[in-house]
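# Report on the structure
For reference, the chains in residue letters:
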Amino acid sequence: MMDGQINWTALSVFVFFFLLVTVMGFWASRWQSGGAKDKGAHLDEWGLGGRNFGTWITWFLVGGDFYTAYTVIAVPALVYAVGAYGFFALPYTILVYPIVFIIMPRLWHAAHKAGHVTAADVVYGRYGSRALELAIAVTGVVATMPYIALQLVGMEVVIKALGLTGELPLAAAFVILALYTYSAGLRAPALIAFVKDLMIYIVVLVAVVLVPMKLGGYGSVFHAAGDAFAAKGGATGLTLKPAQYLPYASLALGSALAAFMYPHTLTGIFAAKSANTIRKNAVFLPAYTVLLGLIALLGYMAYAAKLTVKSNNDVVPALFNALFPSWFAGFAFAAIAIGALVPAAVMSIGAANLFTRNFWKAYVRPDVTPAGEAKVAKIVSLVVKLGALVFILFLPTQFALDLQLLGGLWILQTFPSVVFGLFFGWFRAPALLAGWAVGLVGGSWIAFSDGIKPVHTFVIGDGSYTLYTGLTALVLNIVVAVVVQLVVKGGPLREPPVLARQ
């Protein structure tokens, strides 16, 4: 397809599936109602789906907002650009699930017992500190905004691959998203996630079987990629260079610790109907990691297909346009676009929940009714989506990506406040707040000094060590919290609730 020429067959298939999930999104307000007469009349109903999602719904929902459209675009793009180093997402999504299995059932118990909707609610319930609660809430909202914007990047790439130009198609898609999220709340992305995940599985499985067949087999794919990386030189290659071992491992570990601190992933956890549902999902969700590994291989296939792209993000759409009939390319692009709608909806809901519970209710209207909370959250979810849309329309894409990487550093600094209190009562709010502030400021300073790169090189003696900046900031955070707690010498809080031990 020539640049700027609309692929009408692909566009027709794309529009069909987009309309299908739009209808599902509006119908979702009647789905899984749990007997509630008005699903939008209570924040538990609108923002957490009535806390009634079982194992399968939770599996699709968490998978849908964890493995996003930008993942499908960005992981192959990174592998295409640098090779093996781009595969750090695989160990990261393996490490994350033991963390989920151990921590998240306790967090769910704490939230369920007290009716908490956000992580900041849990922190306030544990420590009784409005300042610490606000710090966690603000961090969550700020770290989420560029993440939502990057879903638009994923959608923007496939819309361009269809031959459409201008910003109107992208704006129209997110207006539709905003309307059915406003109407149905978390139920909309939960229902759409079934379709999205099924489509993504079909697309990837077809691609990893048929693309190598068209290109002479996997031997030819790896040979072509290896030759391309040898020509590039530097840190690229089919295997890691020794200097990449430490940054690769620290990126994987830091990303795993941060992943379920984001408001959108925690929203999926709080919406589960039991702690056992979360444990089952920690066992089943690694199936998505297998899928992610297959998606990453598309980056190598692009070399065997001899593609020329203006941007690394164009690799996957260009591969489908080049090697598949138009109808299947349209199906693949629809899967990726729908893969943007699910996480963007959950992210906006998570951010709206934080604003409503931990700012509006805490400081503006302490006496707000449950219906009033739901109304405020709905409005804020619209504002968040509009902010993300403006963000991506008026700022360079690379800047959005840089901010998302910085957002990962920031959200990681909430880990001690959210998690430590679930296991022991030694830390007090002033110590955790001090650790959060130093980790956030110190990590941000390092990141900005490095041009917002995700890793930083420390020179110690004759050696140099490169580590993920977010993990470095987390260590600093914890050290400061320990030191301040020892100085303050406050008595321990009450023991974590008995339910949290179950």
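Provided above is the structure to which this section pertains.
Residues numbered from 1 in each chain as written. Predicted model: local features only at pLDDT ≥ 70, side-chain atom pairs only at ≥ 80, totals over all residues. Heavy atoms only, no water.

As a further point, take the overall build of the protein. For the protein, the helix and strand inventory stands at 22 helices and two strands. Here the protein has a C-alpha radius of gyration of 22 Å; the compact-globule value for 502 residues is 23 Å, and the two agree. By residue count, 59% of the 502 residues in the protein fall in the buried class. Long-range pairs, those at least 24 residues apart, make up 84% of the contacts in the protein with a sequence separation of at least 6. Counting every atom, the protein has about 19,400 Å² of accessible surface; 70% of that belongs to carbon and sulfur. (Helix = DSSP H or I, 4+ residues; strand = E, 2+ residues; numbered from the N terminus. Rg over C-alpha atoms; globule rule 2.2 N^0.38 Å. Buried < 20%, exposed > 50% of the residue type's maximum accessible area, 1.4 Å probe, protein only. Contact = heavy atoms within 4.5 Å. Areas by Shrake-Rupley, 256 points an atom, 1.4 Å probe, with all protein chains shown as cover.)

Moving on, we come to helix α7 (residues 130-161). Along its 32 residues, α7 runs 48 Å from first to last C-alpha, staying within 8% of the 46 Å computed at 1.5 Å per residue. Here α7 lies mainly inside the structure; 23 of its 32 residues are buried. Two residues or fewer after α7 comes G163, characterised by a positive phi angle close to 100°. (Expected span 1.5 Å × (residues − 1).)

This part is about the packing of aromatic side chains. By the definition in use, this model includes 30 aromatic pairs. Ring centres 6.3 Å apart and planes at 35° place the aromatic pair W56 and F60 in the tilted group. Separated by four residues within a single helix, W56 and F60 lie in helix α3 (residues 55-66), roughly one turn from each other. For F60, a relative accessible area of 14% gives the class buried. Ring geometry for F324 and F328: centres 5.0 Å apart, planes at 35°, overall tilted. Given the relative accessible area of 6%, F328 is considered buried. Among the aromatic residues, ring-to-ring pairing joins F16, F17, F320, F324, W327, F328 and F331 into one connected group. (Phe/Tyr/Trp six-rings, centres within 6.5 Å; stacked < 30°, edge-to-face > 60°.)

Okay, a nonpolar patch on the surface next. On the surface, F101, I102, V283 and F284 cluster together to form a nonpolar patch covering roughly 390 Å² of accessible area. Breaking the nonpolar patch down by element, the ones donating at least two residues are α5 (89-114) and α13 (275-284). Note on placement: V283 falls in helix α13. (Patch = residues over 30% accessible without salt bridge, like charges linked within 9 Å, V, L, I, M, F, W, Y side chains within 5 Å. Salt bridge = Lys/Arg side-chain N within 4 Å of Asp/Glu carboxyl O.)

This brings us to the environment of V346. Here V346 lies in helix α17 (residues 326-364). Separated by 156 residues in the primary sequence, V346 and A190 place their C-alpha atoms 8.7 Å from one another. Residue contacts for V346: discarding those within four places in its chain leaves L61, D65, L186, P189, H264 and T267.

Let's shift gears to the pattern of salt bridges. By the definition in use, this model includes nine salt bridges. Taking the shortest distance from any N to any O, the salt bridge between R357 and D121 comes out at 3.5 Å. In this pair, R357 is assigned in helix α17 and D121 in helix α6 (residues 119-127), connecting sequence segments 236 residues apart. With respect to class, R357 is no different from D121; both count as buried. One connected set of salt bridges, linked through shared partners, spans D121, R357, K361 and E373.

Moving on to the nonpolar core. Of all hydrophobic cores here, the largest spans 184 residues; its most connected members are M104, M155, F260, Y300, M301 and F320. Sort the elements by how many residues they give to this core and α17 lands first, with 21 residues. Ignoring sequence-local partners within four residues, the contact set of F320 consists of V203, A207, F328, A329, A332 and F333. (Core = buried A, V, L, I, M, F, W, Y, C linked by side-chain atoms within 4.5 Å.)

As for its position among the elements, D197 is in helix α9 (residues 187-215). Taking relative accessible area as the criterion, D197 reaches 2% and is therefore assigned buried. Residues in contact with D197, not counting those within four places in the same chain, are F60, G63, G64 and Y288.

What follows is about helix α8 (residues 168-184). End to end, α8 covers 24 Å across 17 residues, agreeing with the expected 24 Å (1.5 Å per residue, within 8%). Those residues of α8 not exposed but buried are L170, A173, F174, L177, A178, Y180, T181 and A184. Contacts made by the buried residues of α8 are with α1 (8-27), α2 (43-48), α7, α9, α17 and α18 (370-394). Looking at the residues trailing α8, positive phi occurs at G185, about 65°.

Further remarks concern the packing of α3 against α13. Each packed pair of helices is defined by two parameters, the angle between the axes and the distance between the axes. It is the contact of α3 with α13, at a shortest axis distance of 9 Å, that shows an interaxial angle of 55°. It follows from the interaxial angle that α3 and α13 lie oblique. In this structure, the crossing between α3 and α13 has a hand that is right-handed. From α3, T55, T58 and W59 reach across to α13, where they touch T277, K280, N281 and F284. The residue inventory of the contact of α3 with α13, partitioned by class, reads two nonpolar, four polar and one charged. (Axes fitted to C-alpha atoms, helices over the stretch in contact; angles between N-to-C directions. Parallel < 35°, antiparallel > 145°, perpendicular 65-115°, else oblique. Left-handed = near helix turned anticlockwise from the far one by under 90°. Nonpolar A, V, L, I, M, F, W, Y, C, P; charged D, E, K, R; others polar.)

A few words on the side chain of T414. By the secondary structure assignment, T414 is in the loop between α19 (397-412) and α20 (415-419). Looking at T414, its side chain comes within polar contact range of the main-chain oxygen of I411, at 2.7 Å. Apart from residues no more than four positions distant in its own chain, T414 is found in contact with I136, T139 and M261. (Polar contact = N/O pair within 3.5 Å; in protein donor to acceptor, adjacent residues only side chain to side chain.)

As a further point, take the environment of G154. Along the chain, the position of G154 falls in helix α7. Placed 185 residues apart in sequence, G154 and G339 show a C-alpha to C-alpha distance of 8.7 Å. G154 has contacts with Y70, I73 and I336, leaving out every residue within four places of it along the chain.

Of note in the backbone geometry, R51 takes a positive phi value of approximately 50° without being a glycine. Positionally, R51 belongs in the loop between α2 and α3. Unusually for a residue other than glycine, I452 sits at a positive phi of about 60°. Among the structural elements, I452 can be located in the loop between α21 (429-449) and β1 (455-460). The exposure class of I452 is buried, given its relative accessible area of 12%.

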